[in-house]
Every structure is written in C-alpha cells, then in structure tokens.
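# Commentary on secondary and tertiary structure
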Amino acid sequence: MFSVLNPPITLKIIKMENDKVVSILNDLLTKNYDAEKGYKEAAEKIEHTSLRGYFENQAKNRYDFGHEIKGLISKYGGEPDKGTSIVGDLHRTWISIRDAFASGDQSIYDECIRGEEAFSEEYGEVLADEVLPQDVRDTVVKQKLSVDKALASLRVMEGFTS
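As a starting point, this report considers the structure included with it. (Residues numbered from 1 in each chain as written. Predicted model: local features only at pLDDT ≥ 70, side-chain atom pairs only at ≥ 80, totals over all residues. Heavy atoms only, no water.)

## Focus on the overall build of the chain
Of the regular secondary structure elements, the chain holds 5 helices and 0 strands. When the elements of the chain are put in sequence order from the N terminus, they spell out α-α-α-α-α. The proportion of buried residues among the 162 residues of the chain is 45%. Relative to all contacts within the chain whose residues are 6 or more apart in sequence, the contacts with residues 24 or more apart total 77%. (Helix = DSSP H or I, 4+ residues; strand = E, 2+ residues; numbered from the N terminus. Buried < 20%, exposed > 50% of the residue type's maximum accessible area, 1.4 Å probe, protein only. Contact = heavy atoms within 4.5 Å.)

## Concerning the packing of aromatic side chains
If you walk through the whole model with that rule in mind, you get 5 aromatic pairs. Clustering of aromatic rings is evident, with ring pairs tying together Tyr39, Tyr54 and Phe55. (Phe/Tyr/Trp six-rings, centres within 6.5 Å; stacked < 30°, edge-to-face > 60°.)

## Focus on the side chain of Ser120
Turning to its location among the elements, Ser120 is positioned in helix α4 (residues 105-127). What makes Ser120 buried here is its relative accessible area of 11%. Contact partners of Ser120, with chain neighbours within four places excluded, come to Lys144, Val147 and Asp148.

## Some thoughts on the packing of α4 against helix α5 (residues 134-156)
Their axes nearest at 9 Å, the elements α4 and α5 cross at an angle of 155 degrees. Relative to α5, the element α4 lies roughly antiparallel. Relative to α5, the crossing made by α4 is left-handed. For the pair α4 and α5, contact is made by Tyr109, Cys112, Ile113, Glu116, Glu117, Phe119, Ser120, Tyr123, Gly124, Val126 and Leu127 and by Arg137, Val140, Val141, Gln143, Lys144, Val147, Asp148, Ala150, Leu151, Leu154 and Arg155, respectively. Looking at the contact of α4 with α5 residue by residue, the classes come out as 13 nonpolar, 3 polar and 6 charged. (Axes fitted to C-alpha atoms, helices over the stretch in contact; angles between N-to-C directions. Parallel < 35°, antiparallel > 145°, perpendicular 65-115°, else oblique. Left-handed = near helix turned anticlockwise from the far one by under 90°. Nonpolar A, V, L, I, M, F, W, Y, C, P; charged D, E, K, R; others polar.)

Listed below in structure tokens is the structure:
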C-alpha cells in the first residue's frame, strides 16, 4: 500500500522526466526570447528594406515559437521563464549584433547568419535528447525546420544591395 505522502517510485521518475523536459523547453524559450529581441534590433537598425522585412518576420516567428513552447511547459507542469538571457550559451551571437550596428548592413547580416546557424544547432541538440515526449519532439522538429528554412532564405539574400 502506498501512502499519499510517499508516491510510488514510477511517479517520481515521471516527475523527474517532466522536470527535465520543462528545463529543456525553458532553455529553448529563453533562446527564442533572445532571438526575437535580436531580430527586432536588427530590423530597427538595418537600412536594406528586404532584410528589414525578413528580420521583422523572424522576430514574429520567434514570438510564436515562444507561445508554443510556453504551452508545452505548462502541460508538463512547469512555469515558463520570462525574459531574455544575456548569459545564454547559444546566443551571445545575438548580443554581438548590437556591436555590428556600427559596421553597417553587412555586419548585421553576418551576425544574423551566425545566430541562425547556432540556433539550428541548438534545436538539433535538443532533438538528440531521448527524454522528449512525442508532442514536444514534434513541436521542436517543426520549429527547427522553420529555422532551417529561414536560414536558407537568409543565405539567398547574401550579396544584397541597399
């Protein structure tokens, strides 16, 4: 007989797995906040109109990703993190966008390429984790495909002129 104060060991394991899923999702959420902010800043600073539109669309895309992730965090019993992370190991690149503004459109573009490459790699690393439930995996796959498509679109714009 199990006491209410001492749940069966399987419930503890499920809770530990859920905690890991929530931690992974919160990490992705924070990185999406970072990317959204980076794209907004890039859109404000860049002069090239096609790139500005691209950056604005990607900022919205990352905002939407965040809402999807928040829903999953809540579903798995977690509390979504709020705000960006300056110490995030993935996107110090986004922080360097600020430094690139003084160097013009090409530097902003280059930083966005580096940031998207890192972002895609991060999604790949998340997908390598075997603890992900299928609904989380499906969302991460969908978002990674979107990131990869956006990166390919951005690369097509290389050699742009103002």
